[in-house]
Amino acid sequence: MLKEFEFIEKIFQKKPSSIFLGIGDDAALFHKNKKEFWVISQDTLNINTHFLSNTDPENLGWKSLAVNISDILSMGGNPKYALLSISVPSANQEWIKKFSTGLFKCAKNYGVELIGGDTTRGSLSISICILGEALQNNVLLRSNAKLNDDIWVTGELGLAALGLKYKKRKFFAPKPLIEKAIKALEKPLPIKVNMKKLAALCNSSIDLSDGLIPDLNHILNKSALGANIFIESLPMPKWIRKNKNYPLVLSGGDDYQLLLTAPKNNHKKIIKFAADNKIKISCIGSMTKTKNIAIIKSDGEPLHYKEKGYDHFA
Ligand code: ADP
Ligand code: MG
């Protein structure tokens, strides 16, 4: 049985046409004008796979768009337009109203306009195609990480995975943390910045949808490099750190934060950008030659870690 990424590579990836970048990154790129690319991507949320049936419809509307915005940001782009394709089992007006309220709140927050889509009957599934703009000079490809780049992540990791574990009744943690975790799972908050400006300081990026290690691995494979990651530097809730619940942070999915790599020379500028824009950003390690990921504990010893992130066909 093929794994998800092998499946895409073997079956869908054909030699490119005239566009600048096709399958294989968070989004495809084609020329808009001399200076800019259009950035285009599509993500689907299916009931019981991407969300549980008891998910609040307003949050689901928000999340459906937020996960798509995240892919545009990870290319160094700003999101602009979206097309919504939704399949619903029945014409439940109350549900659809709440769903659209969440979707439009997210759209307004990130400056996205809904410009089309499709509505059908079937089991609940939401697919959004999103279009954004990026500067050609600053576009952030998975293949462009450089040796010795700092590795950065935005926000906090592991919360969404904790929320999901709790909702599946597999996990218990302090109540305020669980509330925060469920919020992170159901209403992810990709950073809200002028991404073209942050992209100017970085070399490469991916959004964290499958988990830190599997997503970082995509950058490693495409850039033919390795990485050192320091557990101590990973942004995570205190309770997760205290309990050393590292799998939530290393391979828990659904964070929709950005992983970025950037020249060490830009370290201070990135910290200033984050402060000016009121976003949290942490330097978690650096790019190395070794072509694998070394996860390093606070005592300097490596953490032996085998767990993989989410694979739809595993
Ligand atoms: P992400 O997690 O960033 O949304 P995916 O893992 O879903 O990215 O997809 C990886 C790459 O494969 C992307 O470039 C995406 O456009 C492409 N891809 C995924 N599924 C298909 C498909 N059915 N047909 C064509 N391209 C696909
Ligand atoms: Mg992505």
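From a predicted model like this one, the values you see are computed outputs, not experimental measurements.

Calculation criteria
- Residues numbered from 1 in each chain as written.
- Chains lettered and ligands numbered in written order.
- Predicted model: local features only at pLDDT ≥ 70, side-chain atom pairs only at ≥ 80, totals over all residues.
- Heavy atoms only, no water.
- Near = heavy atom within 4 Å.
- Polar contact = N/O pair within 3.5 Å; in protein donor to acceptor, adjacent residues only side chain to side chain.
- Areas by Shrake-Rupley, 256 points an atom, 1.4 Å probe, with all protein chains shown as cover.
- Helix = DSSP H or I, 4+ residues; strand = E, 2+ residues; numbered from the N terminus.
- Nonpolar A, V, L, I, M, F, W, Y, C, P; charged D, E, K, R; others polar.
- Domains from an automatic or database assignment.
- Phe/Tyr/Trp six-rings, centres within 6.5 Å; stacked < 30°, edge-to-face > 60°.
- Buried < 20%, exposed > 50% of the residue type's maximum accessible area, 1.4 Å probe, protein only.
- Lys NZ or Arg CZ within 6 Å of the ring centre and 35° of its normal.
- Pairing = 2+ DSSP bridges.
- Axes fitted to C-alpha atoms, helices over the stretch in contact; angles between N-to-C directions.
- Contact = heavy atoms within 4.5 Å.
- Buried area = accessible area lost by both parts, 1.4 Å probe.
- Salt bridge = Lys/Arg side-chain N within 4 Å of Asp/Glu carboxyl O.

### Here we look at the site of ligand 1
1) Next: Around ligand 1 sit Phe 5, Ile 8, Phe 12, Ile 23, Gly 24, Asp 25, Asp 26, Asp 43, Asp 71, Arg 142, Asp 207 and Ser 209, and that is every residue in its neighbourhood.
2) Next: Gly 24 is positioned such that a nitrogen or oxygen atom in its backbone is 2.8 Å from an oxygen atom of ligand 1.
3) Next: With respect to ligand 1, the backbone of Asp 25 contributes an N or O atom lying 2.8 Å from an oxygen atom.
4) Next: Computed on the free molecule, ligand 1 has an accessible area of 560 Å², of which 67% lies beneath the protein chains in the complex.
5) Next: Here the element with the most residues in the shell around ligand 1 is helix H1 (residues 4–12); it accounts for three residues.
6) Next: Split by residue class, the shell around ligand 1 holds four nonpolar, two polar and six charged.
7) Next: Counting the residues that make up the shell around ligand 1, at least three belong to each of domain 1 (14–137) and domain 2 (141–296).

### Some words on the packing of aromatic side chains
1) Next: Throughout the structure, instances matching the rule amount to five aromatic pairs.
2) Next: Considering the side-chain rings of Trp 62 and Tyr 110, the 6.2 Å spacing of their centres and the 65° angle between planes classify their relative orientation as edge-to-face. Taken together, the positions of Trp 62 in helix H2 (residues 57–73) and Tyr 110 in helix H3 (residues 93–110) put the pair 48 residues apart, joining distant regions of the chain.
3) Next: Taking relative accessible area as the criterion, Trp 62 reaches 6% and is therefore assigned buried.
4) Next: One cation-aromatic arrangement involves Lys 32 over Trp 38; the distance from NZ or CZ to the ring centre is 4.8 Å.
5) Next: Here the guanidinium or amino end of Lys 187 rests over the ring plane of Trp 62, the centre of that ring lying 4.4 Å away.

### Quick look at the sheet that holds strand E10 (residues 281–288)
1) Next: Strand order in this open sheet of six strands is E7-E9-E6-E10-E8-E11, and the pairing throughout is mixed. At either margin of the open sheet sits one strand with a lone partner, and together these are strand E7 (204–207) and strand E11 (293–296). Averaged over all adjacent pairs, the angle separating strand axes in this sheet is 25°, with direction ignored.

### Re the domain arrangement of the chain
1) Next: Domain parsing of the chain yields domain 1 (14–137) and domain 2 (141–296).
2) Next: With centres defined by C-alpha atoms, the gap from domain 1 to domain 2 works out at 21 Å.
3) Next: The partner domain 2 presents 24 residues to the 28 residues of domain 1 that form the contact.
4) Next: Broken down residue by residue, the surface that domain 1 buries against domain 2 is led by Trp 62, Lys 63 and Leu 73, which jointly contribute 21%.
5) Next: Here domain 1 and domain 2 share five salt bridges between them.
6) Next: The partner of Asp 25 in a salt bridge is Arg 142, and the shortest N-O contact between them spans 3.5 Å.
7) Next: For the pair domain 1 and domain 2, the number of links is 17 residue pairs in polar contact (both at pLDDT 80 or more).
8) Next: Among the secondary structure elements, those contributing two or more residues to the side of domain 1 that touches domain 2 are H2, H3 and strand E5 (125–135).
9) Next: In terms of residue count, the dominant contributor to the side of domain 1 that touches domain 2 is H2 (eight residues).
10) Next: Split into classes, the residues belonging to the side of domain 1 that touches domain 2 amount to 11 nonpolar, 10 polar and seven charged.

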